[in-house]
Amino acid sequence: MADVAETIQTILSELRRGTIIIGVLSQLEEAQYGYSLVTVLEDKGIPVDPGTLYPLLRRLEKQELLASSWDTNEARPRKYYVITPFGREVYAGLCLEWKALNEAMTKIMNSEEA
Amino acid sequence: MEVIDRYVHAVIRRLPEGMREDIRKELHGLIEDMLEEQAAGPVPTPEEAEQVLLHLGHPAAMAAKYRGHERYLVGPQLFESYLSVIKVVMIAVIASLSVIFVVETALRPNEITDQFTSYITSIVSAASQGFVWVTVVFAMIEYGIRKKTPSEYGSMSWRPSDLPPIPDSRAEIKLSEPIAGIIFTVLFTIVLLSGAELLAIYTTASGELSIVPFINFDVLYRFWPFIVAFGVAGVGKEIYKMLVRQRTAGLLAYHIIFSVAGVIFAGFLLSEPGFWNPAFMEQLQATGIFIEAGNEFFEPVSRIWETVTGNLIYLIILITLIDIGSEVFKWLRLKKAGPITINIP
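Just so you know, these numbers come straight off a predicted model, no measurement behind them.

Calculation notes
Residues numbered from 1 in each chain as written. Chains lettered and ligands numbered in written order. Predicted model: local features only at pLDDT ≥ 70, side-chain atom pairs only at ≥ 80, totals over all residues. Heavy atoms only, no water. Phe/Tyr/Trp six-rings, centres within 6.5 Å; stacked < 30°, edge-to-face > 60°. Buried < 20%, exposed > 50% of the residue type's maximum accessible area, 1.4 Å probe, protein only. Lys NZ or Arg CZ within 6 Å of the ring centre and 35° of its normal. Core = buried A, V, L, I, M, F, W, Y, C linked by side-chain atoms within 4.5 Å. Helix = DSSP H or I, 4+ residues; strand = E, 2+ residues; numbered from the N terminus. Contact = heavy atoms within 4.5 Å. Buried area = accessible area lost by both parts, 1.4 Å probe. Salt bridge = Lys/Arg side-chain N within 4 Å of Asp/Glu carboxyl O. Polar contact = N/O pair within 3.5 Å; in protein donor to acceptor, adjacent residues only side chain to side chain. Nonpolar A, V, L, I, M, F, W, Y, C, P; charged D, E, K, R; others polar. Expected span 1.5 Å × (residues − 1). Arc of directions from axis to C-beta. UniProt positions renumbered as here; feature names shortened; annotations may be inferred. Pairing = 2+ DSSP bridges. Axes fitted to C-alpha atoms, helices over the stretch in contact; angles between N-to-C directions. Parallel < 35°, antiparallel > 145°, perpendicular 65-115°, else oblique. Left-handed = near helix turned anticlockwise from the far one by under 90°. pLDDT = per-residue confidence, 0-100.

**So, the packing of aromatic side chains**
Within this structure, the stated rule accounts for 19 aromatic pairs over all chains. Arranged with centres 5.2 Å apart and planes meeting at 80 degrees, the rings of B:Phe275 and B:Trp276 form a pair that is edge-to-face. Take B:Phe275 and B:Trp276: they sit in the same class, and that class is buried. Members of the aromatic cluster, each reached through a chain of ring pairs, are B:Phe214, B:Phe275, B:Trp276, B:Phe280 and B:Trp305. Positioned above the aromatic ring of A:Tyr33 is the side chain of A:Arg78, whose terminal nitrogen or guanidinium carbon lies 4.1 Å from the ring centre. The positively charged end of B:Lys25 is found above the aromatic ring belonging to A:Trp70, 4.3 Å away from the centroid.

Structure (structure tokens):
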């Protein structure tokens with residue numbers, strides 16, 4: 001028989017994939033580089049693998065949700081990402097959708113329990 | 001640390017040139033940040049570096065995430081057909097060169113060593129040409145499919161009316177048709193490229209074998225890039241047929257364009273000065289054939305030669321028109337019959 005915990009992990013990682021985008025957009029009002037974003041998100045309860053986040057940041061930049069710039073002043077050159085006005089609009093829309101989804105899911109789960 | 005450089009290099013060598021430098025810097029920064037946080041002491045050890053790299057995952061997987069899609073020259077979707085076409089082309093190449101070899105050996109048995117050497121080198125070069133061109137055609141089809149497939153996050157608009165129709169058995173193309181087509185195309189191309197001197201009159205009227213070729217192959221060989229291009233386009237058409245296995249408007253259009261281009265090329269080729277063996281009649285007379293058959297044949301044969309060489313293009317045009325006409329007719333009849341209807345009770 002399939003392992004319950006393992007199955008939950010597989011489905012959970014699928015569920016998380018989309019929410020990571022919302023998490024990333026929420027944290028980039030001020031420019032951050034990739035690894036600092038990993039730490040911030042982890043502290044807020046959204047663990048994300050750097051190997052997933054870095055390619056994702058590039059993709060979001062390509063979709064014009066984020067803008068990037070290199071900071072070469074420090075000892076270690078770092079690429080900083082910040083949300084664009086377009087990204088901000090998209091983020092606001094996503095938040096509304098997420099809340100609606102959350103409400104609907106809560107209702108479903110409550111009625112199951114009742 | 002060397003192992004980090006090696007890891008980063010292993011990732012970026014799998015990425016397009018334009019992305020490499022940026023990702024190299026970015027990955028270096030990431031790995032150093034991770035090391036700094038996870039290292040126990042102020043100077044990270046090689047073991048700690050390895051732990052970080054293991055956490056990031058295999059370089060190929062990492063590169064795949066950056067690319068966003070898997071890269072294939074010929075993907076799994078097409079690979080089976082690709083293998084079949086390669087096999088058919090190889091068989092056709094070997095068969096046609098073997099026929100040429102056998103004929104040449106029969107004609108000049110004392111040159112067998114030279115002929116065998118040229119037979120082997122021809123097989124190697126023709127087989128590699130065939131391999132390369134089939135791969136190019138398939139890679140282009142693969143690229144076309146990739147372009148049409150939506151990316152992971154991109155959305156694509158489509159209409160239900162764009163859905164391909166349920167395969168219509170009346171429009172179905174039997175697998176034997178494209179296979180025969182490939183064999184014929186390869187054979188024809190190879191004969192034009194390396195066996196044209198065998199298209200000749202063979203006579204032993206003078207006691208020993210004389211060969212009078214129809215075509216001046218020096219002129220023919222000047223056109224070899226066109227001949228290769230037509231061979232490739234022809235095999236491409238058969239591959240398309242093999243993949244679609246259906247008569248479609250696109251296939252019909254391809255067929256018509258290919259045929260018309262072929263006729264135009266033939267027109268240029270046949271009207272090229274010196275394409276036909278200019279000394280054909282003189283050489284034929286020198287073989288002594290007319291002494292044996294009677295001198296009164298010289299005039300009529302000469303006239304037939306003039307007529308055939310002067311008018312062959314019209315015959316080619318006629319055959320092509322009949323072929324296009326019959327294909328269009330078949331297509332129209334299929335259209336007129338209407339789409340197949342499925343009755344739902």
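**Some words on the nonpolar core**
Counting 40 residues, the largest nonpolar core has A:Val24, A:Leu28, A:Leu53, A:Leu57, A:Leu66, B:Leu27 and B:Ile31 as its most contacted members. Of all elements in the fold, only helix 1 (4-26), helix 2 (34-43), helix 3 (50-62) and strand 3 (78-83) of chain A together with helix 1 (2-12), helix 2 (17-38), helix 3 (46-56) and helix 4 (59-67) of chain B reach the threshold of two or more residues within this core. At six residues, helix 2 of chain B tops the list of elements feeding residues into this core. Discounting residues that sit within four places of it in the chain, A:Leu28 has contacts with A:Leu37, A:Leu57, A:Leu66, A:Tyr81, A:Val82 and A:Ile83.

**Section: the interface of chain A and chain B**
With 20 residues of chain A at the interface, the matching set in chain B holds 21 residues. Together, the buried faces of chain A and chain B total about 1,900 Å²; carbon and sulfur atoms form 52% of this surface. Sorting the residues of chain A by area buried against chain B places A:Tyr35, A:Arg58 and A:Arg76 first, and these three jointly supply 32% of that buried surface. Between the two partners, chain A and chain B, sit seven salt bridges. Salt-bridge contacts for B:Asp33 lead to A:Arg76; the nearest nitrogen and oxygen are separated by 2.8 Å. Counting every contact that joins chain A to chain B gives nine residue pairs in polar contact (both at pLDDT 80 or more). At the level of secondary structure, the elements contributing two or more residues to the side of chain A that touches chain B comprise helix 1, helix 2, helix 3 and strand 3 of chain A. The residue inventory of the side of chain A that touches chain B, partitioned by class, reads nine nonpolar, four polar and seven charged.

**What about helix 7 (residues 176-194) of chain B?**
A turn of α-helix holds 3.6 residues, and therefore any two residues three or four places apart point the same way. All names here are of chain B. For helix 7, with 19 residues, the first-to-last C-alpha span of 27 Å sits near the 27 Å given by 1.5 Å per residue. Burial in helix 7 covers these residues: Pro178, Gly181, Ile182, Thr185, Val186, Thr189, Ile190 and Leu192. The buried residues of helix 7 occupy an angular sector of 165 degrees when the element is viewed end-on, so they sit on one face. Away from the buried face of helix 7 by more than 90 degrees, exposed residues Ser176 and Phe184 are located.

**A short note on the UniProt feature "transmembrane region" (unreviewed entry) in chain B**
Mapped onto this numbering, the UniProt entry gives "transmembrane region" (unreviewed entry) at residues 88-107, 119-141, 179-203, 223-240, 252-271 and 312-332 of chain B. Along residues 252-271 of chain B, the helical share is 100% and the strand share 0%, with 29 Å between the first and last C-alpha atoms.

**Focus: the sheet that holds strand 2 (residues 66-71) of chain A**
Here three strands make up an open sheet; going across it, the order is 1-3-2 (chain A) and the pairing antiparallel. The two strands at the open ends of the sheet, each matched to only one other strand, are strand 1 (32-33) and strand 2 of chain A. Packed on one face of the sheet, helix 2 of chain B meets strand 1, strand 2 and strand 3 of chain A and runs near 100 degrees to strand 3 of chain A.

**Side note on helix 9 (residues 224-244) of chain B**
All names here are of chain B. If you check helix 9, its first and last C-alpha atoms are 30 Å apart, about what 21 residues at 1.5 Å a residue would give, namely 30 Å. Among the residues of helix 9, Ile227, Val228, Gly231, Val232, Gly234, Val235, Gly236, Lys237, Glu238, Ile239, Lys241 and Met242 are the ones counted as buried. Downstream of helix 9 by one or two residues, arginine 245 has phi in the positive range, about 55 degrees.

**Observations concerning the packing of helix 2 of chain B against helix 3 of chain B**
Residues and elements named next belong to chain B. It is at 10 Å that the axes of helix 2 and helix 3 come closest, and there the two elements cross at 120 degrees. The pairing of helix 2 with helix 3 is recorded here as oblique in orientation. When you trace helix 2 past helix 3, the crossing you get is right-handed. Between helix 2, through Leu30, Ile31, Met34, Leu35 and Gln38, and helix 3, the contact on the second element is made entirely by Glu48, Ala49, Val52, Leu53, His55 and Leu56.

**A closer look at the pairing of strand 1 (residues 200-203) of chain B**
The sheet contact formed by strand 1 of chain B and strand 2 (residues 210-213) of chain B spans four bridges and is antiparallel. Bridging from a neighbouring strand, B:Thr203 pairs with B:Ser210 of strand 2 of chain B.

**Remarks on the pattern of salt bridges**
Counted under the stated rule, the structure contains 18 salt bridges over all chains. The partner of A:Glu61 in a salt bridge is A:Lys79, and the shortest N-O contact between them spans 3.8 Å. Separated by 18 residues along the polypeptide, A:Glu61 in helix 3 and A:Lys79 in strand 3 bring together distant segments of the chain. Note on A:Lys79: relative accessible area 8%, which makes it buried. Ionic pairing is found between B:Lys241 and B:Glu177, a salt bridge with its closest N-O pair at 3.2 Å. Taken together, the positions of B:Lys241 in helix 9 and B:Glu177 in helix 7 put the pair 64 residues apart, joining distant regions of the chain.

**As for the confidence of the model for chain A**
Summary statistics for chain A give a mean pLDDT of 89 and a share of 96% for residues scoring 70 or more. Put simply, helix 1 of chain A is where chain A has its lowest mean pLDDT, 89, and strand 3 of chain A is where it has its highest, 92.

**As for unusual backbone geometry**
Phi at A:Glu64 is positive, roughly 65 degrees, even though this residue is not glycine. Structurally, A:Glu64 is set in the loop between helix 3 and strand 2. Under the relative-accessibility criterion, A:Glu64 is labelled exposed at 55%. Despite not being glycine, B:Arg245 has its phi angle at roughly 55 degrees, a positive value. Checked against the element boundaries, B:Arg245 lands in the loop between helix 9 and helix 10 (249-271).

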